[in-house]
Amino acid sequence: MLRRSFLAALAATALAAGSVPAAAQETVKIGLIIPLTGPFTTTGKQLEAAARLYMQQNGTTVAGKKIELIVRDDAGRAENTARIAGELIQNDKVSFLAGFGLTPLAMATAPIATNSKIPMVVMMAGTSIITERSPYIVRTSFTLGQSAVIIADWAAQNKIKKVVTLVTDYAPGHDAEKSFVDQFKSKGGETVESLRVPIQNPDFAPFLQRVLDAKPDALYVFTPSGVGAILMKQFVERGLDKSGIRLIGPGDITDDDVLPGFGDAAIGVVTAHNYSTDHPSAKNKEYVAAFKKANPGMRPNFASVGGYDGIHLIYEALKKTGGKTDGDALLTAMKGHKWESPRGPISIDPETRDIVQTIYIRRVEKKNGELYNVEFASFPDVKDPVKAQKK
Ligand code: VNL
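Reading the values: the criteria
- Residue positions are given per chain, counting from 1 as you read along its sequence in written order.
- Per-residue local features of the predicted model are confined to residues with pLDDT of at least 70, and side-chain atom pairs are confined, for both listing and counting, to 80 or more; whole-chain, interface and lining totals are unaffected and use all residues.
- With hydrogens and water excluded, all non-hydrogen atoms of the structure serve as input to the side-chain values.
- Whether a residue is near a molecule or strand is decided by its heavy atoms; if any one of them lies within 4 Å of it, the residue is near.
- Polar contact is defined as a pair of N or O atoms within 3.5 Å, subject to the rule that within protein one atom must be able to donate a hydrogen and the other to accept it, and that residues adjacent in sequence are counted only when both atoms are side-chain atoms.
- Using the Shrake-Rupley algorithm and a 1.4 Å probe, accessible areas are obtained, with residue cover drawn only from the displayed protein chains.
- Those domain boundaries reflect an automatic or database domain assignment.
- Buried means the residue's accessible area, taken with a 1.4 Å probe over protein chains only, is under 20% of the maximum for its type, while exposed means over 50%, and partly exposed covers the values in between.
- Runs of E in the DSSP output that reach at least two residues are strands. Runs of H or I that reach at least four are helices, and both are numbered from the N terminus.
- Think of it as the arc spanned by the lines of direction from the helix axis to the C-beta atoms.
- The contact criterion used is simple: two residues touch if any of their non-hydrogen atoms lie within 4.5 Å.
- Here, a strand pair is defined by DSSP locating no fewer than two bridges between the strands.
- We call a set of buried Ala, Val, Leu, Ile, Met, Phe, Trp, Tyr and Cys residues a nonpolar core when their side-chain atoms join them within 4.5 Å.
- Between Lys or Arg on one side and Asp or Glu on the other, a salt bridge is scored when a side-chain nitrogen of the former is within 4 Å of a carboxyl oxygen of the latter.

Enquirer: Explain the site of the ligand to me, and be specific about the residues and the numbers.
Expert: Taken together, 15 residues are adjacent to the ligand, and Thr103, Gly126, Tyr170, Ser225 and Asp252 come closest. In this structure, an oxygen atom belonging to the ligand sits 2.8 Å away from a main-chain N or O atom of Gly126. Here an oxygen atom of the ligand sits 2.7 Å away from a polar atom, N or O, in the side chain of Tyr170. Burial of the ligand by the protein amounts to 100% of the accessible area it has alone, namely 320 Å². Two domains each provide a minimum of three residues to the shell around the ligand, namely domain 1 (16-142 + 284-353) and domain 2 (145-273 + 358-390).

Enquirer: With reference to specific residues and values, describe helix α7 (residues 205-214).
Expert: Because the α-helix completes a turn every 3.6 residues, residues three or four places apart line up on one side. Ala205, Phe207, Leu208 and Val211 are the residues of α7 that are buried. Buried residues along α7 cover an arc of 155° about the axis, so they all sit on one side. Where the residues of α7 are buried, they touch β7 (162-168), β8 (190-197), β9 (218-222) and α8 (228-237). Directly after α7, the chain includes Lys215, whose backbone phi takes a positive value near 50°.

Enquirer: Explain the pairing of strand β13 (residues 344-348) residue by residue, including any values.
Expert: Judged by how many residues are buried, β13 sits mostly within the fold: four of five residues are covered. Relative to β13, strand β12 (residues 338-341) runs antiparallel, the two sharing four bridges. Each residue of the ladder has a partner; that of Lys338, found in β13, is Ser347. Where β12 folds back onto β13 in an antiparallel hairpin, the turn is made up of two residues. Bridge analysis of β13 against strand β14 (residues 355-367) gives three bridges, and the strand direction is antiparallel. What sits directly across from Ile346, in β14, is Gln357.

Enquirer: Tell me what's going on with the side chain of Gln46, and back it up with residues and numbers.
Expert: Counting through the fold element by element, Gln46 comes out in helix α2 (residues 41-58). Of note is the side chain of Gln46, whose polar atom sits 2.9 Å from the backbone oxygen of Arg299.

Enquirer: How would you sum up the nonpolar core? Please name residues and give values.
Expert: Core analysis: the largest hydrophobic core is formed by 114 residues, its most contacted members being Leu97 and Leu219. Broken down by element, this core gets its largest block of residues, 10 residues, from helix α10 (residues 302-320). A domain-level breakdown of this core finds at least three residues from each of domain 1 (16-142 + 284-353) and domain 2 (145-273 + 358-390). Apart from the residues within four sequence positions on either side, Leu97 is in contact with Gly31, Ile33, Ala85, Leu88, Ile89, Thr109, Ile118, Pro119, Met120 and Val121.

Enquirer: Account for the pattern of salt bridges, with residues named and values stated.
Expert: Tallying each qualifying case throughout the model produces 24 salt bridges. We note a salt bridge from Asp256 to Arg299, for which the minimum N-O separation is 3.4 Å. Note that Asp256 is positioned in the loop between β10 (246-250) and β11 (270-273) and Arg299 in the loop between α9 (282-294) and α10, a separation of 43 residues in sequence. A relative accessible area of 2% places Asp256 in the buried class. Taking the shortest distance from any N to any O, the salt bridge between Lys319 and Glu316 comes out at 2.9 Å. Taken together, the positions of Lys319 and Glu316, both in helix α10 and three residues apart, correspond to about one turn of that helix. Using a relative accessible area of 49% as the deciding quantity, one classes Lys319 as partly exposed.

Encoded structure:
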C-alpha cells in the first residue's frame, strides 16, 4: 500500500514536470577547462561557443542520461588546470575532462586522467607527445607536425629554397620547427636560421630585423592562436610585406578568429592547416551559419572545431556504451571512431588515440570584402608524423 502510494506520488511528480522523473534520469557531467581570461581568452571562447552549439543542436539527453557541461576558467595557467581537474573529479564527479587550450595545461592534467581513469579530450593543444602522457587522452585538435610537413613540401615545390624559421619557444613551437626543418631539408631546402620568441609578451620586431638581414625566400612562423595578429602587425611595420620575403607556416598565424583585422598585407600568405571558416562543404556552411547566429560578431576558427568534435566524440562514446561511464569502456568506444566534421572527414587513430584528418593548403584572399583562408589543395588521412616516425 505504502509502495503504491509512493509510486503514485512519483508518477504525479513526473506528470507535473512533464517528463521523466528527475530521479530516474542520471546526469553525466563534462568538465570543460579552458582559458577564459589571460592572453589566450580567444581560444577559450571559441571552445566554449562550439561545445555549447553542439549541445544546443543535439540535445542534452544521450543514451538516457542527462548531459551537463561544467565550464571552468584556468586563465591558461597549468597549475590552475590541474587543480580544477582534481576539483571537478572530487567534488563534481565529472565523467569527462575536456578543453586544454595549450600544451602545458594538457601535460599537467595527464597524470590526473591516468589516476582517475577518466577520459580526457584534448580539444586544442597540439604537441605530439601529449597523447602518450596518458592512455585516457584522446585528441580532437591537431598536431603541429601534421601541417608543418605539408607546408614544407609545398615550399620546396614552389621555388622557396632558403627559409628562416620563427616559432614561439615552447613545446608546440619546437614540434613545428623540427617537423618543418627536417622535411624541408629532405626535399632539398635550406633553413638558414631558426629563431624562437618567448611565449610571454612576444615582441617579434628584433627577430624580424634579423630576418630582413638574412634575406630568405620565406619566413616560416608558428605562434599560438591569436598571437598571429601581433606578428602580422610587426611584419608590416618592419616592411617585410614589401621585402619579397614570403610568410608561410601552419595555419595558426592566420587564425580565422583574428584574420579579418589583419589588413590587405596578409593577402597571399600561404599556410597549411586542418580547418578554414571558408571550407566549402555543406556541413561547414551550416556550421558557420549556426555558429555566427549563436555568437554574433564571432567567426569559428580551428579551436572551435576541436571543441565541437570533442563533444561529438563524447556523445557518440556514451551512445556506444549505452550510457555507461566506465573510463576504459569509453576509451574503447572512442578508438577508431570516424565521422564528418565541419573541417572534413576525421577519425581517432585506434593505436595512438590521436586525430587523423585532412590537411589543406590555403592562401589568404579577400572575398566579399573579408579576409579568408581559401583552400586550394588537400591531403586526406594525415596522421601525426612525429609518432609515425617513432615506429
Ligand atoms: C597550442 C598549439 C596552442 C597551437 C595554440 O593556440 C595553437 C598548444 C592557443 O599546443 O599550446 O594555435
